[in-house]
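Letter by letter, the chains look like this.
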Amino acid sequence: MNLPLLNSVTAFVWAEADMLDHGEFAAWLDLWVPAGQYIVPIDPDTTDFDNTLNYANDNATMRRLRVERLTSGESVSTQPPARTVRSVSRLRVISQDGDTVTLRGAQDLRDFRKDRFHQHTADVTWTLVAHGDSWRIQRKVVRMINSVDTLSAVGYIF
């Protein structure tokens with residue numbers, strides 16, 4: 001096990017989670033490579049994201065538009081904004097090929113909005129590319145454990 005690598009990628013995904021919980025969306029957008037993909041599939045077993053229905057399958061333009069919608073104040077599903085706290089754990093490096101690392105972990109996201117708590121648990125896979133002394137996200141796949149169930153209006157990024 002390469003502990004320095006695991007520590008480095010863990011610090012990166014923890015920072016990403018913190019940015020999302022604190023609404024630092026411009027900084028979050030900067031974490032991505034230009035061709036990066038943010039995917040939240042409905043089918044928990046699919047690997048063909050382009051030919052199946054997804055909650056999200058965002059390229060750079062769609063990520064930017066998603067952030068604009070979240071921060072514009074014009075979307076019913078984002079007003080009032082949800083307060084979120086997410087925990088990322090059980091991180092494991094799945095593969096490393098040169099400057100590219102794929103890791104998998106668990107994410108437990110709790111939100112509070114309109115006097116209600118919601119909890120969303122997911123198995124997340126990040127593909128990261130080395131960028132100087134840090135990383136950039138090439139692909140993030142968030143597999144919700146209840147993805148085939150009805151999700152109420154979700155006004156945030158997983």
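Note: the structure precedes this text.
Residues numbered from 1 in each chain as written. Predicted model: local features only at pLDDT ≥ 70, side-chain atom pairs only at ≥ 80, totals over all residues. Heavy atoms only, no water.

Next up on the list: the environment of T71. With respect to the element layout, T71 can be found in helix 3 (residues 60-72). Residues T71 and Y156, 85 residues apart in the sequence, show an inter-C-alpha distance of 9.7 Å. Here the side chain of T71 touches V67 through a polar contact of 2.8 Å, landing on its backbone oxygen. (Helix = DSSP H or I, 4+ residues; strand = E, 2+ residues; numbered from the N terminus. Polar contact = N/O pair within 3.5 Å; in protein donor to acceptor, adjacent residues only side chain to side chain.)

Within the structure shown, the criterion is met by 6 salt bridges. One salt bridge connects D123 with R90, and the closest N-O pair in it is separated by 2.4 Å. Here R90 lies in strand 3 (residues 83-97) and D123 lies in strand 5 (residues 116-131), a separation of 33 residues in the sequence. Salt-bridge contacts for D108 lead to R110; the nearest nitrogen and oxygen are separated by 2.5 Å. Taking relative accessible area as the criterion, R110 reaches 26% and is therefore assigned partly exposed. (Salt bridge = Lys/Arg side-chain N within 4 Å of Asp/Glu carboxyl O. Buried < 20%, exposed > 50% of the residue type's maximum accessible area, 1.4 Å probe, protein only.)

Sheet architecture is open: 6 strands sit in the order 2-1-6-5-4-3, paired in mixed fashion. Of all the strands in the sheet, just strand 2 (54-58) and strand 3 have a single pairing partner and so form its edges. Averaged over all pairs of adjacent strands, the angle between strand axes in this sheet comes to 20°, irrespective of strand direction. In the sheet, strand 1 (residues 32-41) pairs with strand 2 via 4 bridges, with the strands oriented antiparallel. (Pairing = 2+ DSSP bridges. Axes fitted to C-alpha atoms, helices over the stretch in contact; angles between N-to-C directions.)

V9, Y38, W126, L128, V142, I157 and F158 are the most contacted members of the largest nonpolar core, which has 33 residues in total. Secondary structure elements with two or more residues in this core: helix 1 (3-21), helix 2 (25-29), strand 1, helix 3, strand 3, strand 4 (100-113), strand 5 and strand 6 (134-144). For this core, the element with the most residues is helix 1, which contributes 8 residues. Once residues lying within four places of it in the same chain are set aside, the contact partners of I157 are L20, F25, W28, Y38, R66, V67, L70, R86 and L109. (Core = buried A, V, L, I, M, F, W, Y, C linked by side-chain atoms within 4.5 Å. Contact = heavy atoms within 4.5 Å.)

Right, let's get into helix 3. Each α-helix turn comprises 3.6 residues. Residues three or four places apart therefore point the same way. Between its terminal C-alpha atoms helix 3 stretches 18 Å, which fits the 18 Å expected from 13 residues at 1.5 Å a residue. Residues of helix 3 that are buried include every one of R63, R66, V67 and L70, and no others. Down the axis of helix 3, the buried set is contained in an arc of 95°. They therefore lie on one face. Where helix 3 begins, the side chain of N59 points an oxygen toward the backbone nitrogen of T61, at a separation of 3.1 Å. (Expected span 1.5 Å × (residues − 1). Arc of directions from axis to C-beta.)

What follows covers the packing of aromatic side chains. For the coordinates displayed, the defined rule picks out 4 aromatic pairs. The interplanar angle of 80° and the centroid separation of 5.5 Å between the aromatic rings of W28 and W32 together place this pair among those described as edge-to-face. Since its relative accessible area comes to 0%, W28 is described here as buried. The buried category is assigned to W32, whose relative accessible area is 6%. Taking the centre distance of 6.0 Å and the plane angle of 90° together, the rings of W28 and Y38 count as edge-to-face. Remark: Y38 occurs in strand 1 and W28 occurs in helix 2; sequence separation between them is 10 residues. You can call Y38 buried: its relative accessible area is 2%. Three or more aromatic residues link up through ring pairs in this structure, and these residues are W28, W32 and Y38. Across from the ring centre of W32, 4.2 Å away, lies the NZ or CZ of R63, which sits over that ring. (Phe/Tyr/Trp six-rings, centres within 6.5 Å; stacked < 30°, edge-to-face > 60°. Lys NZ or Arg CZ within 6 Å of the ring centre and 35° of its normal.)

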